[in-house]
Amino acid sequence: MSAAFLVSRPSVARAILAPSQGPGPLRVLRTATGRVEEIPLEEYVAAVLPGEIGGHAPAAALEAQAVAARSYALARRARHADEGADLCDAVHCQVYRGLSAATEETRAASAATEGLVLVQNGRIIAAPFHAVCGGKTARPRDVWDDEENPDLMPVEDDACRDASGFSWSFSIPRRELPHLAAALGFPVARFLEIYGRDDTGRVSMLRFAAPGGASRVVRGFEFRKAASEIWGWASVRSTAFEIAESRPEYLLTGHGTGHGAGMCQAGAIARARRGESRDEILGLYYKGAQVERLRP
Ligand SMILES: [Zn+2]
Ligand SMILES: [Zn+2]
């Protein structure tokens, strides 16, 4: 395999791609069949965009998503090594439904950004993105535990204000609370409260309590994941919420949809529509990373 697929700064290049990780085709595990398909990187990028941001989003948003998707794929390439693949075709990695999913627009976005990746500290980053930030993006390290999280600054964003999913509410009936808490290992819970927020205002910790005084503190993202597994993704849409307690229920009212880190896709689409460029969009949502070009 070629050892020479480098970015423009040679000192950075060595750190980004070891020779064994050359830029050749991605090996994608098809989860339905268990087969591994080899797909050229740029064709892969064109084919995953429809599942991530839609096949017909405006060009600057598609191009920004193409840079993010390419970066994510390359940064996460070791994920399925045990199965003889780089990535799987499911949400776990990036949703890939076959080359025929690509549209004319997504192929154009891939071509226009060929080889562009987001880099920080000499490494391609697993560039995060989400549906709607709800007014401010999150810090990656606040939304997952992963030592490879890029260090991206939270940014204010009003561009997603008109998106569906900017505001939401969800009621958890009191009688359902033990069910949710059981999924988090504390089935005796009868009470719930917010126990901590990160400096962007997202809920970082919640506390479940039981009548005898026992309690259990859980992380905000664990709470959202457990709720999503029980009631679906449109229940607790983000960790940016308040809780109002009443006799029958805990009423959550919040902003945004998704983890909130990195690029806000609704914001990127709105910005593209009002004339912002791909580089302006990437520069905002990936503040702290740089765009660089892989080259043979
Ligand atoms: Zn995967
Ligand atoms: Zn936003």
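Just above sits the structure.
Residues numbered from 1 in each chain as written. Chains lettered and ligands numbered in written order. Predicted model: local features only at pLDDT ≥ 70, side-chain atom pairs only at ≥ 80, totals over all residues. Heavy atoms only, no water.

Asker: Explain the coordination of the zinc ion (ligand 2) to me, please; I cannot follow it from the model alone.
Answerer: For a metal bound by four donors in a tetrahedral arrangement, the ideal donor-metal-donor angle is 109.5 degrees, while six donors in an octahedral arrangement ideally sit at 90 or 180 degrees. Coordination of the zinc ion (ligand 2) by the protein comes from Cys133 (SG), Asp157 (OD), Cys160 (SG) and Cys264 (SG), over a distance range of 2.1 to 2.3 Å. One can describe the site at the zinc ion (ligand 2) as tetrahedral: its 4 donor atoms subtend angles covering 102 to 120° at the metal. Considered as a linear motif, the donors of the zinc ion (ligand 2) on their single chain read C-x23-D-x2-C-x103-C. Of this pair, Cys133 sits in the loop between strand 7 (129-130) and helix 5 (140-143) while Asp157 sits in the loop between helix 5 and strand 8 (167-173), and the two are 24 residues apart along the sequence. The pair formed by Cys133 and Asp157 is uniform in burial state, with each residue classed as buried. (Donors = N, O, S within 2.8 Å, 3.2 Å for Na, K, Ca; no water. Tetrahedral: all angles 85-135°; square planar, octahedral: opposite > 155°, others 65-115°. Helix = DSSP H or I, 4+ residues; strand = E, 2+ residues; numbered from the N terminus. Buried < 20%, exposed > 50% of the residue type's maximum accessible area, 1.4 Å probe, protein only.)

Asker: Which parts of the structure should I look at to understand the coordination of the zinc ion (ligand 1)?
Answerer: Within the first shell, the zinc ion (ligand 1) binds the protein through His80 (NE2), Cys88 (SG), His92 (ND1) and Cys93 (SG), at distances of 2.0 to 2.3 Å. One can describe the site at the zinc ion (ligand 1) as tetrahedral: its 4 donor atoms subtend angles covering 99 to 119° at the metal. Mapped onto the sequence, the residues coordinating the zinc ion (ligand 1) show the spacing H-x7-C-x3-H-C.

Asker: Just to check I follow, could you spell out a nonpolar patch on the surface for this structure?
Answerer: A cluster of nonpolar side chains, namely Tyr195, Met205 and Val217, defines an oily patch on the protein surface of about 260 Å² accessible area. Summarising the element assignment, Met205 is placed in strand 10 (residues 203-209). Among the residues examined, Met205 registers a relative accessible area of 32% and is labelled partly exposed. (Patch = residues over 30% accessible without salt bridge, like charges linked within 9 Å, V, L, I, M, F, W, Y side chains within 5 Å. Areas by Shrake-Rupley, 256 points an atom, 1.4 Å probe, with all protein chains shown as cover. Salt bridge = Lys/Arg side-chain N within 4 Å of Asp/Glu carboxyl O.)

Asker: Got a minute to help me understand the nonpolar core in this structure?
Answerer: Burial of nonpolar side chains together is a common tendency in soluble globular proteins. Counting residues in each nonpolar core, the largest one holds 55 residues, and the members touching the most others are Tyr44, Leu118, Met263, Ile281, Tyr285 and Tyr286. Per-element tally for this core: the top contributor is helix 3 (residues 59-75), with 10 residues. Those residues in contact with Leu118 that sit more than four places away from it in its chain are Val67, Ala68, Ser71, Arg123, Ile124, Ile125, Ala127, Leu282, Tyr286, Ala289, Gln290 and Val291. Of all hydrophobic cores here, the second largest spans 22 residues; its members include Ile172, Leu206, Val236 and Leu252. (Core = buried A, V, L, I, M, F, W, Y, C linked by side-chain atoms within 4.5 Å. Contact = heavy atoms within 4.5 Å.)

Asker: Is there a simple way to think about the packing of helix 2 (residues 41-53) against helix 3 in this case?
Answerer: Their axes nearest at 9 Å, the elements helix 2 and helix 3 cross at an angle of 115°. The two elements helix 2 and helix 3 meet at a crossing, and its hand is right-handed. Residues Leu41, Glu42, Tyr44, Val45, Val48, Leu49, Glu52 and Ile53 of helix 2 form the contact with helix 3, whose participating residues are Ala61, Leu62, Gln65, Ala66, Ala69, Arg70, Ala73 and Leu74. Here the residues of the contact of helix 2 with helix 3 sort into 12 nonpolar, 1 polar and 3 charged. (Axes fitted to C-alpha atoms, helices over the stretch in contact; angles between N-to-C directions. Left-handed = near helix turned anticlockwise from the far one by under 90°. Nonpolar A, V, L, I, M, F, W, Y, C, P; charged D, E, K, R; others polar.)

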